Amino acid sequence: MPELPEVEALALDLRGRLDGRAITRVHVAAFSALKTYDPPLSAIEGTLVDDVRRHGKFLDIEASGLHLVLHLARAGWVRWRDELPSLPPRPSPKSTLAVRVLLDERDDATAGLDVTEAGTKKSLALYLVRDPQDVPGIASLGPDPLTDDFTRARLAEILAEAGRKQIKGVLRHQGTVAGIGNAYSDEILHAARMSPFKPADSLDEAELTTLFSAIRDTLGDAVERSRGLAASELKAEKKSNLAVHGRTGEACPVCGDTVREVSFADSSLQYCPTCQTGGKPLADRRTSKFLK
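Every residue gets a number counted from 1 within its own chain, in the order that chain's sequence is written. With the structure being a predicted model, the display of local features is reserved for residues of pLDDT at least 70 and the display and counting of side-chain atom pairs for 80 or more, all residues being used for whole-chain, interface and lining totals. Heavy atoms throughout the structure, all of them, feed into the side-chain values; hydrogens and water do not.

Remarks on the overall build of the protein chain
Here is step 1 of the chain: Numbering of helices and strands starts at the N terminus; helices are DSSP runs of H or I of at least 4 residues and strands are runs of E of at least 2. Along the protein chain, the regular secondary structure elements total 8 helices and 10 strands.
Here is step 2 of the chain: Relative to the globule expectation of 19 Å for 292 residues, the C-alpha radius of gyration of the protein chain, 20 Å, shows essentially globular dimensions.
Here is step 3 of the chain: With respect to the principal axes defined by its C-alpha atoms, the protein chain has extents near 60 × 35 × 35 Å.
Here is step 4 of the chain: Per-residue burial over the protein chain gives 51% buried out of 292 residues.
Here is step 5 of the chain: Note on contacts: a residue pair qualifies if any of its non-hydrogen atoms lie within 4.5 Å across the two residues. Considering only contacts in the protein chain between residues 6 or more positions apart, those separated by 24 or more positions represent 65%.
Here is step 6 of the chain: All accessibility values rest on the Shrake-Rupley procedure with a 1.4 Å probe; residue burial counts only the protein chains present in the view. As displayed, the protein chain offers around 13800 Å² of accessible surface, 48% of which is attributable to carbon and sulfur atoms.
Here is step 7 of the chain: Charged residues are defined narrowly, with Lys and Arg counted positive, Asp and Glu counted negative, and His plus the chain ends left uncounted. Each charge is placed at NZ for Lys, CZ for Arg, CG for Asp and CD for Glu. For the protein chain, the distance from the average site of its 39 positive side-chain charges to the average site of its 42 negative ones is 8 Å. Each radius of gyration reported is based on C-alpha atoms, and the globular scaling rule is 2.2 Å times the count of residues to the power 0.38. Three exposure classes are used, based on accessible area relative to the maximum for each residue type with a 1.4 Å probe and protein chains only: buried under 20%, partly exposed in between, and exposed over 50%.

What follows is the structure, given as structure tokens:
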């Protein structure tokens, strides 16, 4: 799933490509992706792109006072195309194409964006709104961890309010902290040497400082590594720099222990026993718990 660093890099890449370009058409190939009807998609035709921004994991293309907002969900992506056909794409269950955005013609070619979604579970969402806050998922976002609003004191409040909830789930909840998903929550907790199942309100002052630094540094470093990369390069960059997420069975880059996994119905987490759980692995995913 694209998370804060990838969506931030996508926004930066698209800002340079789309600045001053006119959106001529938006074709929806996967009708379930479109979540709004007022204003209609035709309202954005002929508008000029003013900016591309990120809200949590949402991508916001602002054009003449309207906002074309995308949430890429677990398997969505945005692909720049130097040349696209003008005819609308045919909806097909075999195609990954969900949305196509056509731009004004230049050098006898119509460039634009293909928004795709792999897999059979379709969760990608497209909104056309007058204000980003009209998107429920944006309106309910918690603080962005890379802004000045996200302070050590604010993190302390968040953890206290979460009570005995597991720290990984707290970090992943978009209404609590915006933009962190499964992968970067694993990476943050590994950097903080903290169990994913540690109760949120159990951190002492030193652990709070460590977690706050891990959040800012892990996400900040990922954003800096991604800065300037094209959309086509971002997935490989992310994967190559993960320490534990997606690396079950490999050696921890910090201590050399074997990275282990806990599987759930629709996701999994990875961790290092030596770095995070006192050297003791989780024995049973359903009934056991990590050491605090």
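There is more to say after this.
A word on the sheet that holds strand E5 (residues 76-81)
Here is step 1 of the chain: Reading across from one edge, E5-E7-E6-E1-E2-E3-E4-E8 is the order of the 8 strands in this open sheet, with antiparallel pairing throughout. Of all the strands in the sheet, the pair left with one neighbour each is E5 and strand E8 (125-129). Strand-to-strand, the axes of this sheet are offset by a mean angle of 25 degrees, without reference to chain direction.
Here is step 2 of the chain: One ladder, built from 5 bridges, connects strand E1 (residues 22-28) with strand E6 (residues 97-106); its direction is antiparallel. Paired with Val28 across the strands is Val99, a residue of E6.
Here is step 3 of the chain: Packed onto the sheet, helix H1 (residues 4-18) meets strand E2 (47-55), strand E3 (58-63), E5, E6 and strand E7 (109-117) and runs at close to 165 degrees relative to E2. For two strands to pair, DSSP has to find at least two bridges joining them. Convention adopted: a line fitted to C-alpha atoms gives each axis, helices being fitted over their contacting stretch, and angles between N-to-C directions are expressed from 0 to 180 degrees.

Quick look at the pattern of salt bridges
Here is step 1 of the chain: Salt-bridge detection follows one rule: a side-chain nitrogen of Lys or Arg within 4 Å of a carboxyl oxygen of Asp or Glu. Using the criterion set out here, one finds 23 salt bridges in the structure.
Here is step 2 of the chain: Where Lys238 meets Glu3, a salt bridge forms, and the shortest distance between an N and an O atom there is 3.8 Å. Of the two residues, Lys238 is situated in helix H7 (residues 231-240) and Glu3 in the segment before H1; the sequence distance between them amounts to 235 residues.
Here is step 3 of the chain: Of the residues examined, Lys238 reaches a relative accessible area of 12% and is grouped as buried.
Here is step 4 of the chain: Taking the relative accessible area as the measure of exposure, Glu3 reaches 2% and is therefore buried.
Here is step 5 of the chain: Between Glu8 and Arg54 there is a salt bridge, with the nearest N and O atoms lying 2.7 Å from each other.

A short note on unusual backbone geometry
Here is step 1 of the chain: Cis rather than trans, the peptide bond between Asp38 and Pro39 has omega equal to 5 degrees.
Here is step 2 of the chain: With respect to the secondary-structure elements, Pro39 resides in the loop between E1 and E2.
Here is step 3 of the chain: For Ser64, which is not a glycine, the phi torsion comes out positive at approximately 50 degrees.
Here is step 4 of the chain: Looking at the secondary structure, you find Ser64 in the loop between E3 and strand E4 (66-71).
Here is step 5 of the chain: Positive phi, normally seen in glycine, also occurs at Asp107, with a value near 55 degrees.
Here is step 6 of the chain: One can find Asp107 in the loop between E6 and E7.

Some remarks on the pairing of E3
Here is step 1 of the chain: The element E3 is extensively covered by neighbouring structure, given that 6 of its 6 residues are classed as buried.
Here is step 2 of the chain: Both faces of E3 are covered, namely the face carrying Phe58, Asp60 and Glu62 and the face carrying Leu59, Ile61 and Ala63.
Here is step 3 of the chain: Summarising the sheet, E2 and E3 pair through 6 bridges and their orientation is antiparallel. Along E3, the bridge assignment pairs Val49 with Ala63.

Quick word on the packing of aromatic side chains
Each aromatic ring pair is specified by the distance between its two centres and by the angle formed by the two planes.
Here is step 1 of the chain: A pair of aromatic rings is counted whenever rings of Phe, Tyr or Trp (Trp by its six-membered ring) have centres within 6.5 Å, and the orientation is called stacked for planes under 30 degrees apart, edge-to-face for over 60 and tilted otherwise. Under the definition given, this model contains 1 aromatic pair.
Here is step 2 of the chain: Residues Phe150 and Phe212 carry aromatic rings whose centres are separated by 5.7 Å and whose planes lie at 20 degrees to one another, so their mutual orientation is stacked. Residue Phe150 is located in the loop between helix H2 (136-139) and helix H3 (152-162), and its partner Phe212 is located in helix H6 (residues 205-226); the two are separated by 62 residues in the primary sequence. Taken as a pair, Phe150 and Phe212 share a single burial class, namely buried.

Description of the side chain of Lys57
Here is step 1 of the chain: With respect to the helices and strands, Lys57 occurs in the loop between E2 and E3.
Here is step 2 of the chain: Despite being buried, Lys57 has no salt bridge partner; Glu3 is the closest side chain of opposite charge, sitting 5.6 Å away.
Here is step 3 of the chain: Setting aside its immediate chain neighbours within four residues, Lys57 contacts Met1, Pro2, Glu3, Val7, Leu70, His71, Gln174, Gly179, Ile180 and Gly181.

Description of the environment of Phe150
Here is step 1 of the chain: The class for Phe150 is buried, based on a relative accessible area of 1%.
Here is step 2 of the chain: Put simply, Phe150 and Cys275 are 125 residues apart on the chain and 26 Å apart in space, counted from C-alpha to C-alpha.
Here is step 3 of the chain: In this structure Phe150 touches Pro143, Asp144, Pro145, Leu155, Ile158, Val177, Phe212, Ile215 and Arg216, once residues within four positions along its chain are discounted.

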